[in-house]
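# Structure assessment
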Amino acid sequence: MPGSRLDPNKSLEGYVGFANLPNQVYRKSVKKGFEFTLMVVGESGLGKSTLINSLFLSDLYSAEYPGPSKRHNKTLQINPTQVLLREGGVQLKLNVVDTPGFGDAVDNSNCWEPVTNFIDSKFEEYLNAESKVNRKSSPDNRVQCCLYFIAPTGHGLKPLDIEFMKRLHDKVNIIPLIAKADTLTPEECRDFKKTILNEIEKNQIRIYEFPDVEDEEENGMLKKLKERVPFAVVGSNRVMEVNGKKVRGRQYPWGVVEVDNLQHNDFLALRDMLIRTHMQDLRDVTNNVHYENYRYKKLANVSATDGKVKDGSRKPQDTNTADSDPLTQMEEERKEHRQKMKKMEAEMEQVFEIKVKEKMQKLKDSETDLQRRAEQMKKSLEQQKAELEQKRIAFLEEKRLWESQNKGDENMTLKKNKKSLF
């Protein structure tokens, strides 16, 4: 009835059954299975293949199918690998995308383009499948996570690391890893993590951010995970016995580095975050953020293209009317803003050039005036010097005449004195 209102907190007198909905979703999800696409990027020899095998406790890379660093072809190419994993009645179709040859060339300019093109192509495939009239459940091969391996140099990120993450941070969830962390001391590792985080913040790189939770216990666990980013990891598939316990690790003369020991490295925290706690969130962020951004840009371009009149009778300014597409209006406003900024920049450069010219002219005038005054002072000093020289010569002449006259008077006085004596 119009105007009737429902009680928001209605209690039931008996069992209805919709409380079983989560179980229905669970059974359907388990029956359908899950898909996850993981990309690994980094220079050769950083242990990418070993870490992937360690993460999923499976020989994804073996002697029959070696890892990227052991292949002969070192040119950058994208190699997706698909494997079906089963655990506790749940199946996971895992797609591992590796990039052999990344960063190994002498000139690594634009080496990220094959990676970005691959990610965009998977978005394009998913968008085309969604846009079909008869939509069927097509496989979701969108890249949901990118593990970026950083060399354990201890000196911060390389320019290639910064540029690559800046090119991909709005397309995929990036999780930075410090590879082969057993080559660093705990103090060096902590300092290296701080340096990396500072450079990521300085260059405005957006890595994967953990979602906020309300539960205090989960919030505490999440805080511990955040403190370990970037994850310093060690990978190994070798099982050895330490103190009567079988562990996976690496044997060194000074001891054993255990892969599954949080006191030795962050591998266990990475595996828990990537597989046990945040895999679904990585899928959600890919679908709701990165894919939606790609879809928005793609549809905006399509709308802008469809809005153009083929016969050219419509004027450019007519596209800015109130009934035009909002995406087109936003694009036109961006263009107008860019034009205004370019115009302001040109005017500021012109004013700057004028002020520089005026300053240079003032400096030239001051230099000319100083030179003129210096010349005048020089002439005045030379004239004073000439006058002093003339006075000195006249003084010497007067002195000579005075001395000669005094000698004559003295001679006459001596003669008179002699005559008086005789």
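In this text the structure is predicted, and so the values were computed from the model without any measurement. (Residues numbered from 1 in each chain as written. Predicted model: local features only at pLDDT ≥ 70, side-chain atom pairs only at ≥ 80, totals over all residues. Heavy atoms only, no water.)

## Describing the pattern of salt bridges
Quick reminder of the rule: Salt-bridge detection follows one rule: a side-chain nitrogen of Lys or Arg within 4 Å of a carboxyl oxygen of Asp or Glu. For every residue, the accessible area obtained with a 1.4 Å probe (protein chains only) is divided by the maximum for its type, and the residue is called buried under 20%, exposed over 50%, and partly exposed between those limits. Comment: elements are numbered from the N terminus, with helices defined as DSSP H or I runs of at least four residues and strands as E runs of at least two.
Applying the stated criterion across every chain, the model contains 17 salt bridges. Across the salt bridge formed by Asp140 and Arg142, the nearest N and O atoms sit 2.8 Å from each other. Of the two residues examined, Asp140 and Arg142, each falls in the buried class. The partner of Asp272 in a salt bridge is Arg276, and the shortest N-O contact between them spans 3.2 Å. On the criterion of helical spacing, the pair formed by Asp272 and Arg276 is a turn pair, its members being four residues apart in helix H7 (residues 267–277). A relative accessible area of 58% places Arg276 in the exposed class.

## Some points on empty space enclosed by the protein
Stated precisely, the cut-off is as follows: Grid points spaced at 1 Å and placed over the protein atoms alone form the basis of the search, with a cavity being a set where a 1.4 Å probe fits but cannot get out and a pocket an open set showing protein on both sides within 12 Å along at least five of seven lines. Lining residues have an atom within 4 Å of a point. Grid points are joined across faces, edges and corners, and a volume is the space filled by probe spheres set on the points. In this classification, the charged set is Asp, Glu, Lys and Arg, the nonpolar set is Ala, Val, Leu, Ile, Met, Phe, Trp, Tyr, Cys and Pro, and all remaining amino acids, among them Gly, are polar.
A full pass over the atoms with the stated rule returns two cavities of 30 Å³ or more. In this model, the largest cavity occupies a volume close to 90 Å³. Lining the largest cavity we find Leu46, Gly47, Thr50, Leu51, Phe149, Ala179, Lys180, Asp182, Val233, Val234, Gly235 and Arg250. Residues belonging to the lining of the largest cavity are distributed by class as follows: six nonpolar, three polar and three charged. A volume near 40 Å³ is recorded for the second largest cavity. In this structure, the second largest cavity is lined by Gly42, Glu43, Leu46, Phe102, Tyr148, Phe149, Ile150, Ala151, Lys158 and Asp161. At three residues, strand S4 (residues 145–150) tops the list of elements feeding residues into the lining of the second largest cavity.

## Notes on the pairing of strand S9 (residues 255–258)
Convention followed: Paired strands are those between which DSSP finds at least two bridges.
Taken together, the four bridges between strand S8 (residues 245–252) and S9 define a ladder with antiparallel strand orientation. Residue Arg250 lies in a different strand from S9, and its bridge partner there is Val257. Hairpin connection, S8 to S9: the antiparallel pair is bridged by two residues.

## Here we look at the confidence of the model for the chain
This is how the line gets drawn: Each residue carries a pLDDT score, the predictor's own confidence in it, on a scale running from 0 to 100. In what follows, a contact means two residues having at least one pair of non-hydrogen atoms within 4.5 Å.
On average, the chain scores 81 in pLDDT, and the residues at 70 or more come to 84%. The element-level mean pLDDT for the chain is lowest in strand S7 (residues 239–242), coming to 81, with strand S5 (residues 174–178) highest at 93. Note that residues 309–323 has pLDDT below 50 and, in this model, 11 contacts with residues that lie over four places away or in other chains.

## Some thoughts on the sheet that holds S9
Heads up, the rule is: Fitted lines through C-alpha atoms serve as axes, helices being fitted only where they are in contact, and the angles separating the N-to-C directions of these axes extend from 0 to 180 degrees.
Overall, antiparallel pairing links the three strands, which are arranged S7-S8-S9 in an open sheet. At either margin of the open sheet sits one strand with a lone partner, and together these are S7 and S9. Strand-to-strand twist across the sheet, computed as the mean angle between neighbouring axes with direction ignored, equals 70°.

## A look at unusual backbone geometry
A negative phi angle characterises most non-glycine residues, just as the trans form characterises most peptide bonds. Backbone torsion omega between Val229 and Pro230 reads -5°, so that peptide bond is classified as cis. For Pro230, the position within the fold is in the loop between helix H6 (216–227) and strand S6 (231–232). One non-glycine residue with positive phi stands out, namely Lys180, at about 50°. Counting through the fold element by element, Lys180 comes out in the loop between S5 and helix H5 (186–202). Although it is not a glycine, Gln204 adopts a positive phi angle of roughly 55°. Of the residues examined, Gln204 reaches a relative accessible area of 63% and is grouped as exposed.

## Some points on a nonpolar patch on the surface
What counts here: Candidates for patches are residues over 30% relative accessible area with no salt bridge; among them, like charges are joined within 9 Å and nonpolar side chains (Val, Leu, Ile, Met, Phe, Trp, Tyr) within 5 Å. In these tables, accessible area is a Shrake-Rupley quantity obtained with a 1.4 Å probe, and a residue counts as shielded only by the protein chains included in the view.
On the surface, Phe352, Val356, Met360 and Leu363 cluster together into a nonpolar patch covering about 400 Å² of accessible area. Phe352 gets classed as exposed once you look at its relative accessible area, which sits at 57%.

## Focus on the nonpolar core
Selection criterion: Among the buried residues, those of types Ala, Val, Leu, Ile, Met, Phe, Trp, Tyr and Cys that are joined through side-chain atoms within 4.5 Å form a nonpolar core.
If you look at the biggest cluster of nonpolar residues, it comprises 74 residues, and the most contacted ones within it are Leu147, Phe164, Ile175 and Phe231. The contacts of Ile175, once residues within four sequence positions are left out, are Cys145, Cys146, Leu147, Tyr148, Tyr208, Phe231, Leu270, Met273 and Leu274.

## Topic: the side chain of Ser236
As a reminder, the rule being used: Polar contact criterion, stated in full: a pair of N or O atoms within 3.5 Å, where within protein one must be able to donate a hydrogen and the other to accept it, and residues adjacent in sequence count only if both atoms are side-chain atoms.
Locating Ser236 in the fold gives a position in the loop between S6 and S7. On the accessibility criterion, Ser236 (5% relative accessible area) is buried. Within the structure, Ser236 has its side chain in polar contact with the backbone oxygen of Gly249 (distance 2.8 Å). Once residues lying within four places of it in the same chain are set aside, the contact partners of Ser236 are Thr50, Ser54, Arg248, Gly249, Arg250 and Val259.

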